[in-house]
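Observations on the model geometry
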Amino acid sequence: MRRRATATAALLALAALAIVAAASAKADRAAAPSAQAGNAAALVKCGKTRSIGLMAPFTGPAASIGTDQVAWAQYYQRTYNATHKTKIKFVNEDTQLGAANGTAESVKGAQALASNRSVLGVVGPAGSNEVKATTGALKGAGLAFVSGSATNTQITLDGARTGYFFRTVPPDSSQSVTVSAFIASKLNAKHVYIVDDQEAYSTGLADEVQTQLRAKNITVGRDGVSQQQSDFSAIINKIPRDVDVIYLPWQLPPKGQAFGQQMKSLGRGSVKLMGSDGLFDPAFAGLGSNVYDSFFPVNPADKRVKAFARLHGGQTEFFGAPSYVAAQVVSAAIDRACKNGTASRAEVRAQIRKTKISKKTSLLGLAVAFDRHGDMVKKPFGVYHSVNGVFVRVG
Amino acid sequence: MGRTLLCDVLHPVNWSLFWGELVSGLTLGSIYALIALGYTMVYGILKLLNFAHGDVYMVGAFIGFFALQWLGGPLDTVVTGWVAVAVMFLVAMLGCGALGVGIEIFAYRPLRNAPRIAPLISALGVSIFLQNSALLLWGPDFRSYDTFNLVGVKSYSIGQNFFISNLQIFTIATSIALMGVLTLLIARTRTGKAMRATSFDREAAEMMGISVDRVISFTFFVGSALAAAGGVMFGLVFGQIFSLMGFTAGLKGFTAAVVGGIGSIPGAMLGGFLIGLTEAFATGYLPGGSTYANLYVFALLIAMFLVRPSGLLGSPVIQKV
């Protein structure tokens, strides 16, 4: 009798537990979207200081380009705060682009920004893979994110983040046209070898350049390396001797530098190397005069560019300049959304879509406005040549 | 167009490619062999898989880097380039030797009589500890040895299309010399005899008056010093080092030790060269080779387990039942 009572009590307890578990799971499921929707629509009192998320590779293999982006974004913050009554504050998240745990770090950073209700918009992240990985968290929380370097063509066209994601750099479809035209007409290459780094940014750009070069009757070979790889000698041996140009659409300048050095040590130092925007860095330029690179448009004559160079010991690296523009876009949108004293993330997104920076006031030397996909309406790319270790524009 | 490229690669007498991949494979294999030696020596004596060994190799590369900075950096060394390289090797080998002894004393010795799984877990813990300490201390950024400015990289051509660099010659020659010294140490010295005795039967060796603790510590010292030499070589040849470089290299070194026959010193050397050559030739000749080079390497490991579980030069363990 007593055993029966115990069994009944146990069964009842189990049933109660099951009901509680089911109810709490249902509550979780129901709460998740409404919490996200709530974050997107929630009105935040603007106050004197407005918060913007800043996602960049502060550390990691891509830290050299990340710190450059951060320096430019902070330069915008500094000039803004000095000239406005209201102030902006960055909430920094290190994405460690290119590190083994890089994607996980970027998602973690996006989640932190999503749950921080004072953050009204985000500058970054830097890489196209990171943009894909962080979309769920940022879009789910209603945050707009404006990248100053993610160039993969498809991330604006696949519809997965339309209305949320914008960029202040031209896409790879523009870059590939410029690069393939330069390789064909200026470098007069007959045989090109492309080595991608197996990441979304790299393979996408490599595919586009390959197709366009083949359309110009240029022989194209193709191979790939891992971003974690440091020994390129085996692949260098494989590259045919009659190759005129090797195209490296890579993200990590130290890897580009290692590839170039290993080319030299294997007696192939005279082959022309063409990098992509990800390799636009002194580490790559320092390899020698056989190095070329494609890069975003920047107006070196702009007084802000000159002031930045003065502030940073004469530095003339512009990789981070579009991040200045990204910060400018987000902060201007927040200012417009905050006109009545409060703003929501949805209002900031709507204001970013309406961005209009005239050519005269744009650091990039061209007007900045976004099309319905989140791309800039005007999107030219420049080609640079390494002269005494510094990139000089040649096309 | 695509066909022309395929012919370039698959042409049966493309000697340029063949010799190029051979030298690349031997260079990489030299480094794997040095790592594999540490795995095999420790396994030979303690029957322990020291999974922290790959991270000791990484620490060695960093000690070499900081020794170079201490000497003034690659552009402004207070001594000539090759003397600086010698100092880097010496400091890294001594530093990692001491680290290896420390790891043995603190992480493995207290577990010597525990079930075999305990030191294995401890080894994994040490590996994670070293990796994360490196990330904390030195960050995840790449550090460059800047070998071009340090020693001036030169390439020599043999025939029309075959090139070999002075660093590749240096790496292969130095590792063969280190392996030769190790072989002599084990075969011709009293310490080597003590190591062999301990490996054969630890208890009997102890009863014969051999200080087993000292022999084990010495084994860790030598194995870790060789891994450090591998780390410095990696930095010199491939130009850059980073905090997580020990993981994959450790796995490859372990694979080399297993392929050669774990516990066998000549086997570790052979396994190292075999893994390096597999990686290089797979990159050069097989479809998608550079992308899937690691796949081919680990497929070799699986094949070896299936065909010859004791490895190329390992002997099957006979157990008294």
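If you're wondering where the values come from, they're calculated on a predicted model, not measured in any experiment. (Residues numbered from 1 in each chain as written. Chains lettered and ligands numbered in written order. Predicted model: local features only at pLDDT ≥ 70, side-chain atom pairs only at ≥ 80, totals over all residues.)

Looking at the overall build of chain A
The helix and strand inventory of chain A stands at 13 helices and 14 strands. Relative to its full complement of 395 residues, chain A shows a buried share of 54%. In chain A, once contacts between residues fewer than 6 apart in sequence are set aside, the share between residues at least 24 apart is 71%. (Helix = DSSP H or I, 4+ residues; strand = E, 2+ residues; numbered from the N terminus. Buried ≥ 20, exposed ≤ 12 C-beta atoms within 10 Å, placed from the backbone. Contact = placed C-beta atoms within 7 Å.)

A word on the overall build of chain B
Helix and strand counts for chain B stand at 13 helices and 4 strands. Relative to its full complement of 321 residues, chain B shows a buried share of 51%. Intrachain contacts of chain B at a sequence separation of at least 6 include 76% that bridge at least 24 residues.

Some points on helix H2 (residues 15–46) of chain B
Residues and elements named next belong to chain B. In this model, H2 (32 residues) spans 45 Å end to end at C-alpha, consistent with the 46 Å of a helix rising 1.5 Å per residue. For H2, the buried fraction is high: 27 of the 32 residues fall into the buried class. Following H2 by one or two positions, Lys47 has its phi on the positive side, about 55°. (Expected span 1.5 Å × (residues − 1).)

Here we look at the packing of helix H7 (residues 166–188) of chain B against helix H10 (residues 212–238) of chain B
Residues and elements named next belong to chain B. Running from amino to carboxyl end, H7 crosses H10 at an angle of 175°, the nearest separation of the two axes being 10 Å. Considered as vectors, H7 and H10 are oriented roughly antiparallel to each other. The residues of H10 that touch H7, namely those facing Leu167, Gln168, Thr171, Thr174, Ser175, Leu178 and Leu182, are Val222, Leu226, Ala229, Met233, Leu236 and Val237. Of the residues that constitute the contact of H7 with H10, the class distribution is 9 nonpolar, 4 polar and no charged. (Axes fitted to C-alpha atoms, helices over the stretch in contact; angles between N-to-C directions. Parallel < 35°, antiparallel > 145°, perpendicular 65-115°, else oblique. Nonpolar A, V, L, I, M, F, W, Y, C, P; charged D, E, K, R; others polar.)

What to know about the interface of chain B and chain A
Counting residues at the interface gives 35 residues for chain B and 31 residues for chain A. The set of elements that each furnish at least two residues to the side of chain B that touches chain A consists of helix H1 (2–10), H2, strand E2 (155–158), strand E3 (162–165), helix H12 (265–285) and helix H13 (289–307) of chain B. When grouped by side-chain class, the residues that make up the side of chain B that touches chain A number 14 nonpolar, 17 polar and 4 charged.

Quick word on the sheet that holds strand E8 (residues 219–224) of chain A
Residues and elements named next belong to chain A. Read from one edge to the other, the open sheet built from 7 strands follows the order E8-E7-E9-E10-E11-E13-E14, with strand pairing classed as mixed. Each end of this open sheet is capped by a strand with a single partner; those strands are E8 and strand E14 (390–393). The mean inter-strand angle of the sheet, taken between neighbouring strand axes irrespective of direction, is 25°. Alignment of strand E13 (residues 382–387) against E14, held across 4 bridges, turns out to be antiparallel. In the strand pairing of E14, Val387 is matched with Val390. Taken strand by strand, helix H6 (residues 172–185) contacts strand E7 (191–196), strand E9 (245–248), strand E10 (272–275), strand E11 (291–295) and E13, and its axis lies near 150° from that of E11. This element, helix H7 (residues 200–215), spans E7, E8 and E9 of the sheet and lies at about 165° to E7. (Pairing = 2+ DSSP bridges.)

Observations regarding the confidence of the model for chain A
Residues and elements named next belong to chain A. Chain-level statistics for chain A give a pLDDT mean of 86 and a share of 89% at 70 or above. Within chain A, helix H1 (residues 2–41) has the poorest average pLDDT of any element, 51, and strand E5 (residues 145–147) the best, 97. Low pLDDT (under 50) marks residues 20–35, which in the prediction has 0 contacts with non-local residues, meaning those over four places away or in another chain. (pLDDT = per-residue confidence, 0-100.)

Details of the confidence of the model for chain B
Residue and element names in this part refer to chain B. On average, residues of chain B score 88 in pLDDT, and 93% of them are at 70 or above. Looking over chain B, one finds the lowest element-wise mean pLDDT in H1, namely 48, and the highest in helix H3 (residues 53–70), namely 96. Of the regions scoring below 50 in pLDDT, residues 1–5 engages in 5 contacts with residues more than four places distant in sequence or in other chains. Scored as a whole, the predicted complex attains pTM 0.77, and scored at its interfaces, ipTM 0.81.

Observations concerning helix H5 (residues 117–138) of chain B
All names here are of chain B. Here H5 spans 32 Å end to end across 22 residues, near enough to the 32 Å set by a 1.5 Å rise per residue. Buried within H5 are the following residues: Pro119, Ser122, Ala123, Val126, Ser127, Leu130, Gln131 and Ala134. Of the surrounding secondary structure, the elements contacted by the buried residues of H5 are H3, helix H4 (81–108) and helix H11 (245–260). Gly139 sits one or two residues past H5 and shows a positive phi near 75°.

Regarding the sheet that holds strand E4 (residues 119–123) of chain A
Residue and element names in this part refer to chain A. Strand order in the open sheet formed by 5 strands is E3-E2-E4-E5-E6, and the pairing between neighbours is parallel. Of all the strands in the sheet, just strand E3 (87–94) and strand E6 (165–167) have a single pairing partner and so form its edges. Each strand axis lies, on average, 25° off the axis of its neighbour in the sheet, ignoring direction. When E4 meets E5, the two strands line up parallel, connected through 2 bridges. By the bridge assignment, Val123 is partnered in E5 with Val146. The sheet contacts of helix H2 (residues 63–83) involve strand E2 (49–56), E3 and E4, and relative to E3 the element is tilted by about 165°. The strands touched by helix H3 (residues 102–115) are E2, E3 and E4; relative to E3, the strand with the most contacts, the crossing angle is about 145°.

Considerations on the pairing of E9 of chain A
Residue and element names in this part refer to chain A. Because side chains alternate across E9, one face comprises the buried residues Val245 and Tyr247, and the other comprises Ile246 and Leu248, equally buried. Strand direction decides the pairing type here: E7 and E9, joined by 3 bridges, are parallel. Considered in E9, the bridge of Tyr193 is made with Ile246. Relative to E10, E9 is paired through 4 bridges, and the arrangement is parallel. Its bridge partner being in E10, Leu248 is matched across the sheet by Gly275. Crossover handedness for the path E9 to helix H9 (residues 253–265) to E10: right-handed. (Right-handed = clockwise from strand over helix to strand, strands pointing away.)

Overview of the domain arrangement of chain A
Residues and elements named next belong to chain A. When the domains of chain A are assigned, the result is domain 1 (44–170 + 300–379) and domain 2 (173–295). For domain 1 and domain 2, the distance between their C-alpha centres works out to 28 Å. The set of elements that each furnish at least two residues to the side of domain 1 that touches domain 2 consists of H2 and helix H4 (128–140). Top element by residues in the side of domain 1 that touches domain 2 is H4. It accounts for 3 residues. Counted by class, the side of domain 1 that touches domain 2 contains 7 nonpolar, 10 polar and 3 charged residues. (Domains from an automatic or database assignment.)

A few points about the environment of Tyr57 of chain B
Residues and elements named next belong to chain B. By secondary structure assignment, the location of Tyr57 is in helix H3. Of the residues examined, Tyr57 has 29 C-beta atoms within 10 Å and is grouped as buried. Counting along the chain gives 235 residues from Tyr57 to Tyr292, while the straight-line C-alpha distance between them is 24 Å. The residues touching Tyr57, leaving out its near neighbours within four places in the chain, are Ile35, Ala227, Ala228, Gly230, Gly231, Gly246, Ala249 and Gly250.

Remarks on the packing of H4 of chain B against H5 of chain B
Residues and elements named next belong to chain B. Between H4 and H5, whose axes approach to 10 Å, the crossing angle comes to 130°. Classified by the angle between their axes, H4 and H5 sit oblique to one another. Note that H4 runs across H5; the crossing there is right-handed. The segment H4 lies against H5, with Ile103, Ala107 and Tyr108 engaging Pro119, Ser122 and Val126. Looking at the contact of H4 with H5 residue by residue, the class counts come to 5 nonpolar, 1 polar and no charged. (Left-handed = near helix turned anticlockwise from the far one by under 90°.)

Digging into the environment of Leu150 of chain B
All names here are of chain B. Counting through the fold element by element, Leu150 comes out in helix H6 (residues 147–150). Along the primary structure Leu150 and Leu68 are separated by 82 residues, whereas in three dimensions their C-alpha atoms are 9.2 Å apart. Residues contacting Leu150, with those up to four places away along its chain left out, are Pro74, Gly81, Ala84 and Tyr145.

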